[in-house]
Amino acid sequence: MNKFAELFESFIFRNRLMVILLFMVATGYLMFQATHLKLDAGFTKNIPLNHEYMQNYMKHRKDFGGANSVLVAVCDKNDNIFNESFFVTLKNLHDQLFFIPGVDRSQVKSLYSSSTRFTEIVEGGFSGGPVIPADFNPSNPDALQLVSENITKAGIVGRQVSDDFKCAMVSAQLMELDPTTGEKLDTLALAEQLEKQLRGKYEDENTSVHIIGFAKMIGDVANGAKDVVLFFAIAIAITAVMVYFFSHSIMLTLLPLLCSVIAVVWQMGLLTIIGFGLDPMSILVPFLVFAIGVSHGVQMINAVSKEVVAGKDCKEASRQAFRRLLIPGGVALISDTVGFMTLLVIDIGIIRELAITASMGVAVIILTNLLLLPLLMSYLKLGEKYKNKMLQKSSVDMVWEKIGNCANLNVAKYILAVTAVLFAFGWYQSGQMKIGDLHAGAPALHESSRYNQDTFLITDKFEITVDYISVLIEAQPEACTDYDTMNAIDTFQWKMKNVEGVQSTISLPSVSKLVNAGYNEGNPKWQVLPRNQQTLVQAIGRVPTTSGLLNSNCSVMPVILFMEDHKAETINRVVNAVKEFRKEFETPELQFKLASGPVGVMAAKNEAVEAAQAPMMVYVFGAVVLLCLMSFKSVKATLAVIIPLYVVSILAQALMTYLEIGLTVSTLPVIALGVGIGVDYGIYILSTMNQKLRDGMPCRQAYIEALKERGSAVLFTGITLAVGVSTWVFSSLKFQMDMGILLTFMFVVNMLGAILVLPALAAFFWRSKENC
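Residues numbered from 1 in each chain as written. Predicted model: local features only at pLDDT ≥ 70, side-chain atom pairs only at ≥ 80, totals over all residues. Heavy atoms only, no water.

Comments concerning a nonpolar patch on the surface
Point 1. Taken together, the side chains of Val241, Tyr244, Phe245, Ile250, Met251 and Leu254 present a nonpolar region at the surface, about 610 Å² in accessible area.
Point 2. At the level of elements, helix H9 (227–247) and helix H10 (250–273) are the ones that each hand at least two residues to the nonpolar patch.
Point 3. Mapped onto the elements of the fold, Ile250 is located in helix H10.
Point 4. Judged by its relative accessible area of 57%, Ile250 is exposed. (Patch = residues over 30% accessible without salt bridge, like charges linked within 9 Å, V, L, I, M, F, W, Y side chains within 5 Å. Areas by Shrake-Rupley, 256 points an atom, 1.4 Å probe, with all protein chains shown as cover. Salt bridge = Lys/Arg side-chain N within 4 Å of Asp/Glu carboxyl O. Helix = DSSP H or I, 4+ residues; strand = E, 2+ residues; numbered from the N terminus. Buried < 20%, exposed > 50% of the residue type's maximum accessible area, 1.4 Å probe, protein only.)

And the structure:
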């Protein structure tokens, strides 16, 4: 490997100007491509399409609509809805939503929909019609009174009209394709239209408009993600200041930052070339690429500085630094890349995109920060003044002498004992980590956000929300005319209605019982399923397929469960209740299939995340172990790197439990990202230490020499990266704040693990060495 590094170094530095020109051309081209990069959010990217629940969801989506819905609550701020101004606004908003491209017009429902009808019992049988008649005049008090009566007769209070009669609901389903372009629906553009054309036009001093749904949520996330540019700028500024204090040179400050920014530009340009966009939920990846680039860049300028102080000119110093860091730096970055690629095992599109995006960015750093950076530095002139500044820094070697005691067996045993206690505590705490969202509302946004406030209002005033799950009951054609089948569905609905967390339920049997009572003068005693097949057919005949409660041949009948929230424990409780019920009642002819609806999607995502958690950790650490074994050719050295990483990963999961951060699509990759970045510290220190141990140096002295050579850079990068991501706690996005906390923790603790725990393990593994 060293021979390869020497040959490669010789070739690169003989042709350094040509190589730099190639980098300039490639950077210009990829910068142009990066200008075409767009935010790209899609509903299907966020779901595990191969999961059993999602297979059922996709199978029946045409009949019962998808989980990608929008709810718009229009509320009167002063009194109730029965006034002219409110109904004019409601009508205009309904029409506006109807004509927004991407909205399934057949699925737009409100009081003004022709499908919103009432039925009443009259002397001659049934009478009914649309809740709002065709000749409705909202300025006529009698017409308003008639609509009020029709709403009560229709039984839509709690669904299309709020319990306090202050709000009315307009709901819609979204299509996968934009009908005007034939392209995939632009979710972010649609969210902007909802904001401008609905809330912007119709909210005033008398009326408030509240919008929830996946499209609106992801639009709000995208707006909040624009702050990432500001945080990126802050991170660059903080990093620049700290790199300057580390290097005492403006050029040595600018060059690693420049190369790290080039890596980000290359990453974005390559994404455009392969046809990817940047999802709002993975918009933090470019910062992580920049952070990793700075980490390796600082190692390079640290190595060059030491060679310059030793008396070499910049060209020779750069050659020596390149030769010494190519293998450990390359192994670290390949470990990062392979670690991120392991995220591909998770069957969720957005995580797979993140894996490709992050892997591509880290792979690029191998070129920009391990190859381009030393070439650029070889043209610098660092004179005596710089050497004197760096010699003054050598006083830090006294600190390394003290820290070197960590590689003394007497001290190491205490460090390992504390590490074991922390690991045991973390293991216990991490065992209580929950899968899924732990808070009501959209977890990506703060509770105080407009979207979550809208969610809380709709949940409070209506019995329906976007938090619903549909259990799809599959049976034989015309099964709804069979009493036993309908009774089994009714029994299932009753049991589920009594599960904690279920707010309300609706199904074909429940509506049929109301219709049956209607045929019997409205007597509540007749709110039962008729055992007579003809009477049952009569009751079902009043329920159209547009209700979403049955398909055209009555072979699939959903039971819709509206839930209080989508917290992980609520979803698990409901899903487990469904599974318990079907164990007893399911037959080959009657299948209770999970699941459709937004909460069905969440349940599938939670199960996919839970199933992928352990394999992902195995693959991440397996890849790192394999690469460390190939690099160090030593089991002891590999264990010395891996054990601190694993302890920190467990402690990070314990921190998630303590901070009530659930393991979700957003947080699952953080562990892999933390391991990928954290492994760099250990590899850089141990690559130096391992060679000196092989040369026969006592392990304490080998560690001190490794610290003198690499310790300052490791300490510096750990602190700098932690400071950079710690600013995320001020983000308008909650998921960015959570990631900032977790990454800050992992950056700092992984750095401490490399400086304190790694040498303690070395003292134990190489205890036969003198002075250990």
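Structure's up, so let's keep going.
Some words on the packing of aromatic side chains
Point 1. Per the stated rule, a full pass over the model turns up 18 aromatic pairs.
Point 2. Between Phe86 and Phe87 the ring centres are 5.9 Å apart and the planes differ by 80°, which places this aromatic pair in the edge-to-face class. Like Phe87, Phe86 is buried.
Point 3. Taken together, the aromatic side chains of Phe82, Phe86, Phe87, Tyr112, Phe136 and Phe165 make up a single cluster linked through ring pairs.
Point 4. Over the ring of Tyr379 we find Arg16, and its NZ or CZ is 4.1 Å from the ring centre.
Point 5. Of note, Lys91 hangs over the ring of Tyr112, and the distance from its end group to the ring centre comes to 5.9 Å. (Phe/Tyr/Trp six-rings, centres within 6.5 Å; stacked < 30°, edge-to-face > 60°. Lys NZ or Arg CZ within 6 Å of the ring centre and 35° of its normal.)

Quick notes on the state of the cysteines
Covalent bonding between the sulfur atoms of two cysteines is what defines a disulfide.
Point 1. Scanning all chains against the criterion turns up two disulfides.
Point 2. Each disulfide pairs two cysteine sulfurs, and for Cys75 the partner residue is Cys167, the sulfurs being separated by 2.0 Å. Here the disulfide of Cys75 and Cys167 is right-handed, its torsion about the S-S bond being about 110°. One end of the pair, Cys75, is in strand E1 (residues 69–76); the other, Cys167, is in strand E5 (residues 167–174), and 92 residues separate them in sequence.
Point 3. Here Cys480 pairs with Cys554 through a disulfide, and the sulfurs are 1.8 Å apart. (Disulfide = S-S within 2.5 Å.)

Some points on the side chain of Lys216
Point 1. Here Lys216 shows up in helix H8 (residues 214–225).
Point 2. The exposure class of Lys216 is buried, given its relative accessible area of 2%.
Point 3. Lys216 has contacts with Ala191, Leu194, Glu195, Arg199, Ile211 and Tyr451, leaving out every residue within four places of it along the chain. (Contact = heavy atoms within 4.5 Å.)

Section: the sheet that holds strand E2 (residues 103–109)
Point 1. What the four strands build is an open sheet, ordered E2-E5-E1-E6; its pairing is antiparallel. The sheet is open, and its two edges are formed by E2 and strand E6 (207–213), each paired on a single side. Shown here is a sheet whose adjacent strand axes are inclined to one another by a mean of 20°, direction ignored.
Point 2. Examined bridge by bridge, E1 and E6 share seven bridges and lie antiparallel to one another. If you follow Cys75 over to E6, its bridge partner there is Ser208. (Pairing = 2+ DSSP bridges. Axes fitted to C-alpha atoms, helices over the stretch in contact; angles between N-to-C directions.)

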